[in-house]
Amino acid sequence: MIQRLIISALILAAFIGICLLPQAQPKLSQHKRFTKITQEGDKLSPWQGPWACVHDKQNHILWEIKTDNESIHDGYWTYSWFDGEKGKQNFGDCYFEPNRCDTHDLIRHTNQQGLCGVSKWRLPTAKELHSLIQAPTSPALPHIANDFFIHIKQGDYWSSEHSQPLAKQYRQGGQGATAINFHFGKSYTLPYRNAAFVMLVADLPTANIQPQLSRREINTHQKQE
Amino acid sequence: MKTFMQRQTFIVLHVIAIVITIGSMLTGFRIAIISQDWLAPISSLIPQGAVHSWHLGFSIGLTLLVVVFIGYTIWAPFRSYPSIYHKLINYLGYVSISLVVLSGWAVWANFYSHEARSIHQIAMWLMVSYFILHAWVYILQKGRGVFAAILPKRLKMTHVSAVLCLVVIGGFFHTLTLNASHQLDVHTIADTTFIEIDGQGNEPQWQDADTFTVTTIGGANFENGSTDVSIKALANQYESYFLISWQDNSKSTNHLPLLKTPTGWQVQENGFYRFDERTFYEDKFAVMLSDGCEAAGDKTYYSGDKPLKNKPKNWHGKGYHASLDGKVRDLWHWKAVRTNDMYLADDNFIGPPSKHLKGKRRYSAGYQADGKESGAYVMNWQWYSAKGISPKRLPEKMQSHQAVLPWFGSTPYQSAQDTYPIGTFLPSVLYRSNRFEGDRADVRARGQWRDGRWTLELVRKHNTHSKYDVPLQTGTCMWVSAFDHAQIAHTRHIQAIKLRYSL
C-alpha cells in the first residue's frame, strides 16, 4: 500500500511538473532569401521593424521598401519612366517634387538620402523584379512576399528594361519599358508616360556576401519583437 | 427467478465506460480551455484539433451507455458488494454522469444553454472527482490486481455483437446530432420596400419577421460569458437583410488607444501582444455562412496551440479557423470602430490554411479577408512593439474621445511636432478612405448601441458570385458570435441556424 501511495504521489508530481512547464512560444525562423534592414543599415530579425530596405540574398541586392508616411518612399506615389535622356519626364504623381514625378526623380532623391547607407540606387531589371513574384497568401494581397515588401500595390512596377516594342493598343506611343504587375504577377510593356509604381534596388559589393551593407559595421539584433 | 447481469457483460460495459469517459473528459477539457485560461497548463496533455466532433461522439457513447446500463440494470442488475465508501462514490458517479449527459445535450439543443453550461462544468468536475476517487482508490487498494479484474478475459460473440450494435447506433445518432440545425424563416418583402441600414430596425417589415433567439456562450467579458442573440431575416428578390440584436452592457469603442507616457507612446493593451486582447478592444460581431451545417462551425475550428500539421503554433493557445476540406465558408465581421463608420462589415472567409509568412508574428491559418480594390483602415503605429511605438500620424486638431483618426485630418508623425503632454491619448485606427471597395465591401452593415444592447442591421446580395462568398439560399447555414471588447474571445453556439426562404 505504501509503495502504491509513493507511486501515486510520483505520478501526481510528474503531472503537476508537466503542467508547470513553461508553454513554448511560436518560434522565430530566418527567411532563406530576405533580411530586413533599417534606414541606418542595421539588420533586423523577421519579426522586428520598422525597416527601410530588404537584403535579397538570391540577387545580391538591396530593395527599397515602400512606406505610407508621405516621404519620397511612399507606396502611393507613381512615376513615369525616365532615365534622364530616354522616356517621359514628370508624368507620375507625388508630393515631393514641385512638378510631377518620374523614375529619375526618385533615384536622385534616394541617392541623396543615402537610404540604408547606400547611394547607388537604380531601377531593378525585369529579371530582378520578376523574381519577387510569388502567390499571395490571401486574395487581398499582391503577388509578392508581403511580410517583407509592405505597401506594395496591386499595380504595375517599373523595371529598367526599356526600348521595348509596345502592344498594339499602345503602338502610337512608340516604345516603352517593362513593368511587372503584382496584382496578376505578370510582366507588361507600358508606354513611358504611364504612371506606375517603383521599387528601387541597389547592388551590393560582390565581396560582401553577408549583410555588410555599408562601410559601417552592421549591428545585428536577433531579439524577438 | 431474478436474472443478474453476467460479470463479463459488466466488464465489457465498464471498459467501454472508461474509454468514453476519458475521451469525453479530454475533449471537454480542450473545449473548456477556449474560454478558461486557468486550465491552460494542462494543454500539453490533452488532444488538439477538431475536438467538438469527437466530444459529440463521446457524448453519444456516454448517453447510449447510460441508457443501456439503466435498462440492463432494471432487467438484470449486476450483483456486487462494494464497501460503503465505493457505494457512496458510485452514487457520485451516477449523479455526475447523468448531469453531464443532460446538461451537455441542453447546451447542444440551445435549451437554457447558459444555465446548462454552468451545470455541465460543475458536473464535469464531479465526474473527474468520481473518476479519481473511484479508480485511483481501487488501484491504491488492490494494486495491479484491479486491472485483472476490470479487463475482459474472453469475449463472447454476444458481447462483440452488442458492442458493434452500439457502435452502429452511436454512429447513426452521431451523424444525426452533428447535422441537426435550428431554422430561421426568412420573411419575404417586396423589391420596392426600402430597408435603411442604420442599426435601428424600425421598419414595420421587421415586426412581421420571425425572431430566432440563440444563447451564445463562452465569450470574454459578457456576464458569465454568455449573451442571447436574436436574429430576424428579410429578403427580396435580390438581397437578404438581417436584424441582429444582443445584450452587451458596455459600448466598447476604446480600441487599443495610444497613450503618451514619460518613455514615449505606448499601446494600451491587455493581451494584444498574444493577439488575444480582452480589455482595450472594440465590440464586434461575426456571422459565418456555410453550405454545410455540421455542428460547432462546420469543421472550421481546430483548437489548441498547434492544431494544424506543418503550420506554426499560435500565441494564445486557443486554436485556428481553417477549412481542411478545401471549401470556403463566408465570414462577416462587423467591428464597432473599424468598420461601423464605413457602414460595412468586413467581408472575410475561412478557407484552407494559408502559407506561413516568416516575417509575420501572427499566423491566421484559414481566416482571410476577401480581396479589395481599395480602401482600408490601418493601425496608427509605424511598427507595433509591446515596449512602445511611434504613431504613424498625428491629428491636425486634437479631439477628445476620438475613436478613429481620418487620414486627411492628420499629418505624418514628426517627433518635432510631438509636443503632446504625458497622459494624452490618440486613436489607434486610421481610415485611409471612408470604405472598402470591391469584394471585401459586399456586406453593408450598421450597428447602434442603446440601453445595454447592440442592434445590427446587415444586408448582402443573395449571390455575389465571389468565390470567397457563400450564396444566401434555403439550406445555407449560419452561426453567430459576439465579441465584448475582445479580439478573439467570442461567444459561440453549437447547432447551425439553417435559413429557409419562401421566395
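Residues numbered from 1 in each chain as written. Chains lettered and ligands numbered in written order. Predicted model: local features only at pLDDT ≥ 70, side-chain atom pairs only at ≥ 80, totals over all residues.

**What to know about the overall build of chain B**
Stage number 1. Of the regular secondary structure elements, chain B holds eight helices and 22 strands.
Stage number 2. In terms of principal-axis extent, the alpha carbons of chain B reach across some 90 × 60 × 40 Å.
Stage number 3. At a minimum sequence separation of 6, the contacts of chain B that also span at least 24 residues come to 70%. (Helix = DSSP H or I, 4+ residues; strand = E, 2+ residues; numbered from the N terminus. Contact = placed C-beta atoms within 7 Å.)

**Quick notes on the overall build of chain A**
Stage number 1. Across its full length, chain A holds three helices and ten strands.
Stage number 2. Helices and strands appear in chain A in the N-to-C order α-β-β-β-β-α-β-α-β-β-β-β-β.
Stage number 3. In terms of overall dimensions, chain A is more spread out than a globule: its C-alpha atoms have a radius of gyration of 24 Å, far above the 17 Å expected for 225 residues.
Stage number 4. Across the 225 residues in chain A, those meeting the buried criterion constitute 40%.
Stage number 5. Sequence separation of 24 or more characterises 54% of the internal contacts of chain A that already satisfy a separation of 6 or more. (Rg over C-alpha atoms; globule rule 2.2 N^0.38 Å. Buried ≥ 20, exposed ≤ 12 C-beta atoms within 10 Å, placed from the backbone.)

**Details of the environment of A:Tyr157**
All names here are of chain A.
Stage number 1. Summarising the element assignment, Tyr157 is placed in strand β6 (residues 156-158).
Stage number 2. For Tyr157, a count of 24 C-beta atoms within 10 Å puts it in the buried group.
Stage number 3. Between the alpha carbons of Tyr157 and Ser187 there is a distance of 9.1 Å; along the sequence they are 30 residues apart.
Stage number 4. Excluding anything up to four places from it in sequence, Tyr157 contacts Leu129, Ala179, Ile180, Phe182, Ala196, Phe197, Val198 and Met199.

**Topic: the nonpolar core**
Across soluble globular proteins, nonpolar side chains have a tendency to be buried as a group.
Stage number 1. Of all hydrophobic cores here, the largest spans 81 residues; its most connected members are B:Ile231, B:Ala233, B:Ile244, B:Trp332, B:Leu458, B:Met478 and B:Val480.
Stage number 2. Looking at which element gives the most residues to this core, the answer is strand β21 (residues 477-483) of chain B, with six residues.
Stage number 3. Apart from the residues lying within four places of it in its own chain, the contact partners of B:Ala233 are B:Leu184, B:Val186, B:His187, B:Ala209, B:Ser240, B:Tyr241, B:Phe242 and B:Leu499.
Stage number 4. In terms of nonpolar packing, the next biggest core, distinct from the first, is built from 50 residues, A:Trp51, A:Leu123, A:Tyr192 and A:Leu204 among them. (Core = buried A, V, L, I, M, F, W, Y, C linked by C-beta atoms within 7 Å.)

**Description of helix α3 (residues 84-108) of chain B**
Residue and element names in this part refer to chain B.
Stage number 1. The terminal C-alpha atoms of α3 lie 36 Å apart, and with 25 residues this matches the ideal 36 Å at 1.5 Å per residue to within 8%.
Stage number 2. Buried within α3 are the following residues: Ile89, Gly93, Ser96, Ile97, Val100, Val101, Ser103, Gly104 and Val107.
Stage number 3. Lining the buried residues of α3 we find α2 (51-75) and α4 (113-142).
Stage number 4. Downstream of α3 by a residue or two, Asn110 has a phi angle that is positive, lying close to 60 degrees. (Expected span 1.5 Å × (residues − 1).)

**Structural notes on the interface of chain B and chain A**
Stage number 1. Each side of the interface is counted separately: chain B has 32 residues, and chain A has 25 residues.
Stage number 2. Counting only elements with at least two residues in the side of chain B that touches chain A, the list comes to α4 and β12 (367-369) of chain B.
Stage number 3. No other element matches the three residues that α4(B) contributes to the side of chain B that touches chain A.

**Some remarks on the pairing of strand β7 (residues 284-290) of chain B**
A regular strand carries its side chains on alternate faces of the sheet.
All names here are of chain B.
Stage number 1. Taken across its seven residues, β7 has seven buried, putting it largely inside the fold.
Stage number 2. Residues of β7 alternate between two faces, with Lys284, Ala286, Met288 and Ser290 on one and Phe285, Val287 and Leu289 on the opposite face, all of them buried.
Stage number 3. Of the pairings in the sheet, the one linking β7 to strand β10 (residues 329-335) comprises six bridges and is antiparallel in character. For Val287, the partnering residue across the bridge sits in β10 and is Trp332. (Pairing = 2+ DSSP bridges.)

**Points about helix α1 (residues 2-20) of chain A**
Stage number 1. Between its first and last C-alpha, α1(A) extends 26 Å over 19 residues, near the 27 Å set by a 1.5 Å rise per residue.
Stage number 2. Among the 19 residues in α1(A), zero count as buried, and that is only a small part of the element.

**Here we look at the sheet that holds strand β10 (residues 201-203) of chain A**
Residues and elements named next belong to chain A.
Stage number 1. The strand order across the open sheet formed by six strands is β2-β1-β3-β4-β10-β5, and the pairing between neighbours is antiparallel. The sheet is open, and its two edges are formed by β2 (43-44) and β5 (121-122), each paired on a single side.
Stage number 2. Here two bridges tie β5 to β10, and the two strands are oriented antiparallel to one another. Looking across to β10, one finds that Trp121 is bridged to Ala202.

**Focus: the sheet that holds strand β17 (residues 425-426) of chain B**
In any sheet, the strands associate via hydrogen bonds between backbone groups, in a parallel or an antiparallel arrangement.
Residues and elements named next belong to chain B.
Stage number 1. Taken in spatial order, the three strands line up as β6-β5-β17 in an open sheet, and their pairing is antiparallel. Because the sheet does not close on itself, it has two edges, and the strands there are β6 (264-267) and β17.
Stage number 2. Bridge analysis of strand β5 (residues 258-261) against β6 gives four bridges, and the strand direction is antiparallel. Within β6, the residue paired with Lys260 across the bridge is Trp265.

**Examining the pairing of strand β19 (residues 444-450) of chain B**
All names here are of chain B.
Stage number 1. Pairing geometry for β19 and strand β20 (residues 453-461), over seven bridges, is antiparallel. By the bridge assignment, Ala445 is partnered in β20 with Leu458.
Stage number 2. Count of turn residues in the β19/β20 antiparallel hairpin: two residues, of which Asp451 carries a positive phi of about 50 degrees.

**As for the packing of α1(A) against α4(B)**
Stage number 1. Running from amino to carboxyl end, α1(A) crosses α4(B) at an angle of 140 degrees, the nearest separation of the two axes being 8 Å. Between α1(A) and α4(B), the angle falls in the class oblique. Residues A:Arg4, A:Leu5 and A:Ser8 of α1(A) form the contact with α4(B), whose participating residues are B:Trp136, B:Ile139 and B:Leu140.
Stage number 2. By residue class, the composition of the contact of α1(A) with α4(B) is four nonpolar, one polar and one charged. (Axes fitted to C-alpha atoms, helices over the stretch in contact; angles between N-to-C directions. Parallel < 35°, antiparallel > 145°, perpendicular 65-115°, else oblique. Nonpolar A, V, L, I, M, F, W, Y, C, P; charged D, E, K, R; others polar.)

**Considerations on the packing of α3(B) against α4(B)**
All names here are of chain B.
Stage number 1. At a minimum axis separation of 8 Å, α3 and α4 run at an interaxial angle of 150 degrees. Classified by the interaxial angle, the pair formed by α3 and α4 is roughly antiparallel. For α3 against α4, the interelement crossing comes out left-handed.
Stage number 2. Classifying every residue of the contact of α3 with α4 by side-chain character gives 16 nonpolar, eight polar and one charged. (Left-handed = near helix turned anticlockwise from the far one by under 90°.)

**Section: the confidence of the model for chain B**
Stage number 1. In the predicted model, chain B carries a mean pLDDT of 94, and 99% of its residues have values of at least 70.
Stage number 2. Across the predicted assembly, pTM comes out at 0.92 and ipTM at 0.88. (pLDDT = per-residue confidence, 0-100.)

**What to know about the environment of B:Gly423**
Stage number 1. Mapped onto the secondary structure, B:Gly423 falls in the loop between β16 (410-412) and β17.
Stage number 2. Taking the C-alpha atoms as reference, B:Gly423 lies 72 Å from B:Phe78; in sequence the two are 345 residues apart.

**Topic: the environment of B:Tyr241**
Residue and element names in this part refer to chain B.
Stage number 1. Its location among the elements puts Tyr241 in strand β4 (residues 239-247).
Stage number 2. Here the alpha-carbon distance between Tyr241 and Cys165, two residues 76 residues apart in the chain, equals 47 Å.
Stage number 3. For Tyr241, the residues in contact, after removing those within four places along its chain, are Ile195, Ala233, Leu234, Ala235, Glu457 and Val459.

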